[in-house]
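# Architecture and fold: a report
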Amino acid sequence: MIGDDYNLQPDPFGLLEAARVLVDQGFKVLPYCTDDLVLCQRLREAGCQALMPWGAPIGTGRGLMNRYALRTLRERLDVPLIIDAGLGAPSQAAEAMEMGFDGVLLNTAVARARRPAQMARAFARAIEAGREAFRAGLMEQRQTASPSTPTLGQPFWHTKP
């Protein structure tokens, strides 16, 4: 259900219609889709078993272009989410997993690497690290600095000369 031949963006209207038909016929549907929250909600309501939003257009290697939308999907949807398309570096896969995604689907980043087997291993390790970091619980980001060591009892810390 590709809607645009230039960036290979899925056709959201045709995708939703096709998903409904396929689910009604008993298929388990795992659609490749954009990161649009409303579309993903409708696909979930139609009975899709998992959703596969893009990180970026297929084959671009640009990574997670709309982190806000992807985080919103993870926060709002109770369905397996797999980043499908646009990843180019293992660090991008790790970030998706740190955000709580259930997996990544990729091809071009490995297929076009100078050493595909080595790149596949790098992605596997990054995915494992990202999942472990998510499960461990990433620290909350802050706007201001905060000392990571206690300051009480430190000599000369808050004294005037």
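Treat the numbers as computed from the prediction; the structure is a model and nothing was measured. (Residues numbered from 1 in each chain as written. Predicted model: local features only at pLDDT ≥ 70, side-chain atom pairs only at ≥ 80, totals over all residues. Heavy atoms only, no water.)

### Remarks on the overall build of the protein chain
Put simply, the test is: Starting at the N terminus, helices and strands are each numbered in turn, a helix being any DSSP run of H or I of at least four residues and a strand any DSSP run of E of at least two. Using C-alpha atoms as the atom set, the radius of gyration is obtained and then compared with a globule rule of 2.2 Å times the number of residues to the power 0.38. Each residue is assigned to one of three classes by its accessible area relative to the maximum for its type, calculated with a 1.4 Å probe on protein chains only: buried under 20%, partly exposed between the two thresholds, exposed over 50%. Areas reported as accessible are Shrake-Rupley estimates using a 1.4 Å probe. Residue values count occlusion only from the protein chains shown.
Within the protein chain, the secondary structure is distributed over six helices and four strands. Helices and strands appear in the protein chain in the N-to-C order α-β-α-β-α-β-α-β-α-α. Whereas a compact globule of 161 residues would reach a radius of gyration of roughly 15 Å, the protein chain reaches 20 Å, over 25% beyond that. For the protein chain, with 161 residues in total, the buried portion stands at 37%. Of the roughly 10700 Å² of accessible surface on the protein chain, a fraction of 52% belongs to carbon and sulfur atoms.

### As for the nonpolar core
Here is the rule we go by: Note on terminology: a nonpolar core comprises buried Ala, Val, Leu, Ile, Met, Phe, Trp, Tyr and Cys residues joined through side-chain atoms within 4.5 Å. Only heavy atoms enter the contact rule, under which two residues are in contact if any of them lie within 4.5 Å.
Within the largest apolar cluster, 28 residues are counted, with the highest numbers of intra-cluster contacts made by L43, L51 and I83. If we ignore the near neighbours within four places in the chain, the residues touching L43 are L15, L16, A19, P31, C33, C48 and L51.

### Observations regarding the side chain of D84
Basically, it comes down to this: Just so you know, the count uses Lys and Arg for positive and Asp and Glu for negative, and it drops His and the chain ends. Each salt bridge in this description consists of a side-chain nitrogen of Lys or Arg and a carboxyl oxygen of Asp or Glu lying within 4 Å of one another.
Tracing the chain through its elements places D84 in strand β3 (residues 82–84). Here D84 is buried and forms no salt bridge, its nearest opposite-charge partner R112 lying at an N-O distance of 14 Å. Those residues in contact with D84 that sit more than four places away from it in its chain are Y32, M52, P53, W54, G55 and L105.

### Considerations on helix α1 (residues 12–24)
In an α-helix, one turn spans 3.6 residues; hence positions three or four apart end up facing the same way. Which entries qualify depends on this criterion: To estimate the expected span of a helix, subtract one from its residue number and multiply by 1.5 Å. Between N or O atoms, a polar contact is any pair within 3.5 Å; within protein, one atom must be a potential hydrogen donor and the other a potential acceptor, and residues adjacent in sequence are included only when both atoms are from side chains.
In this model α1 runs 18 Å from its N-terminal to its C-terminal C-alpha over 13 residues, within 8% of the 18 Å that 1.5 Å per residue would give. Those residues of α1 lying buried are G14, L15, L16 and A19. On its buried face, α1 sits against β1 (32–33) and α2 (37–45). Looking at where α1 begins, the residue whose side-chain oxygen comes 3.0 Å from the main-chain nitrogen of F13 is D11.

### Observations concerning the packing of helix α4 (residues 90–98) against helix α6 (residues 116–136)
Working note: a packed helix pair is described by the angle between its axes plus the distance between those axes. Using the following cut-off: Axes, fitted as lines to C-alpha atoms, cover a helix only where it is in contact. Angles between the N-to-C directions of the axes lie from 0 to 180 degrees. These descriptions rest on fixed angle ranges, namely under 35 degrees for roughly parallel, over 145 for roughly antiparallel, 65 to 115 for roughly perpendicular, and the rest for oblique. Left-handed describes a crossing whose near helix is turned anticlockwise from the far helix through less than a right angle; right-handed describes the clockwise counterpart. Lys, Arg, Asp and Glu make up the charged group, whereas Ala, Val, Leu, Ile, Met, Phe, Trp, Tyr, Cys and Pro make up the nonpolar group; the residues left over, Gly among them, are polar.
The contact between α4 and α6 brings their axes to 7 Å, and the two run at 25 degrees. Here α4 is positioned roughly parallel relative to α6, judged by the angle of their axes. Seen along the crossing, α4 lies across α6 with a hand that is right-handed. On α6, the residues that touch P90, A93, A94, M97 and E98 of α4 are M119, A122, F123, A126, I127, G130, R131, A133 and F134. Residues that form the contact of α4 with α6 fall into these classes: 11 nonpolar, one polar and two charged.

### Quick word on the packing of α1 against α2
Their axes nearest at 9 Å, the elements α1 and α2 cross at an angle of 10 degrees. The angle between α1 and α2 falls in the class roughly parallel. For the pair α1 and α2, the crossing hand works out as right-handed. Here α1 contributes P12, L15, L16 and A19 to the contact with α2, which in turn contributes L39, R42 and L43. Considering only residue class, the contact of α1 with α2 consists of six nonpolar, no polar and one charged.

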